[in-house]
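Listed below are the residues making up each chain.
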Amino acid sequence: MRRHRSILRIALVLLVVLLAACNKQKEAPGTPGGGSPEDATRESLALLRDGKFDLFWKHALPPADFATLRADWPRLNATPTPVEPDDKAKFEAGVKRLTEPEAEKKLFAELRPTLVRFDRDYKDQMPLVAGIGQSMALTAIDQAKDLTLSQKRQLREAANVIGPWARTVPWGDQAKAKEAIAIVVDTARKAGLSTPEAFHAMNFEQSMATWSTAWLGFKRLLDVYGLSIDKSFDSVSIDTIESSDGSAHVKITYTLLDKPIQTDATLVLLDGRWYDSDLLQRVRDEHARLAPPAPASSAPAPSGTASAPGTPMPGAPVADAKGR
């Protein structure tokens, strides 16, 4: 389970960054780092927006760390224990339902009575249900141990925006449900998943392609109900608050459902390029956890170069007193 939690921690960082968006690219796609803190952040967000996760990692990590991540991926993505027969059967049955011929019609026929019953019996209760969901989300954010204070603040703001939106969404609308089902089915077919074992056996490139398919489908699904992630990306502004001694603090401002939200990031300068220090440190921590202990007689890394993968970065703590 520790490996699953490790992947989820990296994915969580990605999701936090995904909300902070942009619409311009000033670096060639996949170029490691950026020439300035703003350029590095802007390019990372552009690649994430477009679901180019393989190029995102290549851009967001120094070359040595990117090579290490690719080499570590089979172990990061592997399931630590065999999949239970019941779970395997449920997974395969779910995939079959989503990808079989005329899956859209069959799924909508199954869902339609629920939509009718929802509009008749539960529609008026949605404000209460959404309010409870919002409270639960805020509690989970406050109790999360893997989030910095800045990330918690951003997610709380997002939850306080999404909660009121969820109260007004026409969840029982049959036309929207039919459109949403078509997107889910199309995404499942494009993902090409068959078994849990096949998912965990994917190499780095295959995993990134699957994540991209899921992300682009998720954005289309939210668009159906009026939440445009790309609109948030297009609203971004990035400003460097302070920069000294190879470290920079940037402020990212964007809108979510037309409500302004702010977050920040700390970047570190390595070999003339800027990288998100928190993301880089997490990747290096994962590598250090997977790597065998170094011999006691190992020589220290030479000074004046980027830190070796798996070692902490000087001056780049995961969280400081300001919550970064």
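Treat the numbers as computed from the prediction; the structure is a model and nothing was measured.

Enquirer: Go over the packing of helix α4 (residues 63-77) against helix α11 (residues 204-224), please, and point to the residues and values.
Expert: Between α4 and α11, the shortest axis-to-axis distance is 9 Å and the interhelical angle comes to 80°. Here α4 lies roughly perpendicular to α11, going by the angle between them. From α4, Phe66, Leu69, Arg70, Trp73 and Asn77 reach across to α11, where they touch Phe204, Glu205, Ser207, Met208 and Trp211. Of the residues belonging to the contact of α4 with α11, the class tally is 6 nonpolar, 2 polar and 2 charged.

Enquirer: If you had to explain the sheet that holds strand β2 (residues 247-256) to someone new, which residues and values would you point to?
Expert: Strand order in the open sheet formed by 4 strands is β1-β2-β3-β4, and the pairing between neighbours is antiparallel. Looking along the sheet, the strands with just one partner apiece sit at the ends: β1 (237-244) and β4 (273-276). On average, each strand axis in the sheet is tilted by 30° relative to the strand beside it, whichever way the strands run. Pairing analysis gives 10 bridges linking β2 to strand β3 (residues 259-270), with the strands arranged antiparallel. Of the residues in β3, the one forming a bridge with Lys251 is Asp264.

Enquirer: Summarise the nonpolar core; cite the residues concerned and give the values.
Expert: Counting residues in each nonpolar core, the largest one holds 55 residues, and the members touching the most others are Phe56, Trp57, Leu61, Leu69, Phe204, Tyr225 and Leu256. Leave out the neighbours within four places in its chain, and Leu69 touches Trp57, Leu61, Leu76, Phe204 and Val283.

Enquirer: How would you summarise helix α7 (residues 126-143) if you had to cite specific residues and measurements?
Expert: Taking 1.5 Å per residue, 18 residues should reach 26 Å; α7 reaches 26 Å between its end C-alpha atoms and fits that length. Every buried residue belonging to α7 is among Met126, Ala130, Gly131, Gln134 and Ile141, and all of these are buried. Axial view of α7: buried residues confined to an arc of 130°, hence all on one face. Of the exposed residues in α7, the ones pointing more than 90 degrees away from its buried face are Leu128, Met136 and Gln143. For α7, the elements touching its buried residues are α6 (103-122) and α8 (149-168).

Enquirer: Report on the packing of aromatic side chains, specifying residues and quantitative values.
Expert: Tallying each qualifying case throughout the model produces 8 aromatic pairs. Of the aromatic side chains, those joined through ring pairs into one cluster are Phe53, Phe66, Trp73, Phe204 and Trp211. If you follow Lys178 out to its NZ or CZ, it ends over the ring of Phe108, 4.8 Å from the centre.

Enquirer: Mind laying out helix α3 (residues 53-60), listing which residues take part and the relevant values?
Expert: Of all the positions in α3, only Phe53, Phe56, Trp57, His59 and Ala60 are classed as buried. The buried residues of α3 occupy one face: seen down the axis, they fall within an arc of 165°.

Enquirer: An account of the environment of Tyr225 is needed here, citing residue identities and associated values.
Expert: Here Tyr225 shows up in the loop between α11 and α12 (229-234). Since its relative accessible area comes to 14%, Tyr225 is described here as buried. Discounting residues that sit within four places of it in the chain, Tyr225 has contacts with Trp165, Val169, Pro170, Trp171, Lys176, Ala177 and Ala180.

Enquirer: Would you mind going over a nonpolar patch on the surface in detail, with residue names and values included?
Expert: A contiguous nonpolar patch, built from Leu128, Ile132 and Met136 and spanning about 330 Å² of accessible area, is present on the exposed surface. Residue placement: Met136 occurs in helix α7.

Enquirer: How would you sum up the environment of Val184? Please name residues and give values.
Expert: The residue Val184 is located in helix α9 (residues 174-191) in this model. Along the chain, Val184 and Ala214 lie 30 residues apart, while their C-alpha atoms are 9.1 Å from each other. Residues within four places of Val184 in sequence aside, it is in contact with Leu98 and Leu221.

Enquirer: Quick rundown of the pairing of β1? Include the residues and the values.
Expert: Two strands pair when backbone bridges link them, and β1 and β2 are joined in this way by 7 bridges, in the antiparallel orientation. By the bridge assignment, Glu242 is partnered in β2 with His249. Once β1 ends, the chain turns through 2 residues before running back antiparallel as β2, passing Asp245 with a positive phi of about 55°.

Enquirer: Give me the lowdown on the pattern of salt bridges, citing residues and values where you can.
Expert: For the structure on display, the rule yields 19 salt bridges. Between Glu197 and Lys88 there is a salt bridge, and its shortest N-O distance comes to 3.1 Å. Here Glu197 is found in helix α10 (residues 196-200), whereas its partner Lys88 is found in helix α5 (residues 85-99), with 109 residues between them in sequence. The salt bridge partner of Arg97 is Glu110, with a shortest N-O separation of 2.2 Å. Placement of Arg97 in helix α5 and of Glu110 in helix α6 is noted, with a sequence separation of 13 residues between them. Shared partners join several salt bridges into a network, and the residues in it are Lys88, Glu92 and Glu197.

Basis of the calculations
Residues numbered from 1 in each chain as written. Predicted model: local features only at pLDDT ≥ 70, side-chain atom pairs only at ≥ 80, totals over all residues. Heavy atoms only, no water. Axes fitted to C-alpha atoms, helices over the stretch in contact; angles between N-to-C directions. Helix = DSSP H or I, 4+ residues; strand = E, 2+ residues; numbered from the N terminus. Parallel < 35°, antiparallel > 145°, perpendicular 65-115°, else oblique. Contact = heavy atoms within 4.5 Å. Nonpolar A, V, L, I, M, F, W, Y, C, P; charged D, E, K, R; others polar. Pairing = 2+ DSSP bridges. Core = buried A, V, L, I, M, F, W, Y, C linked by side-chain atoms within 4.5 Å. Buried < 20%, exposed > 50% of the residue type's maximum accessible area, 1.4 Å probe, protein only. Expected span 1.5 Å × (residues − 1). Arc of directions from axis to C-beta. Phe/Tyr/Trp six-rings, centres within 6.5 Å; stacked < 30°, edge-to-face > 60°. Lys NZ or Arg CZ within 6 Å of the ring centre and 35° of its normal. Patch = residues over 30% accessible without salt bridge, like charges linked within 9 Å, V, L, I, M, F, W, Y side chains within 5 Å. Areas by Shrake-Rupley, 256 points an atom, 1.4 Å probe, with all protein chains shown as cover. Salt bridge = Lys/Arg side-chain N within 4 Å of Asp/Glu carboxyl O.

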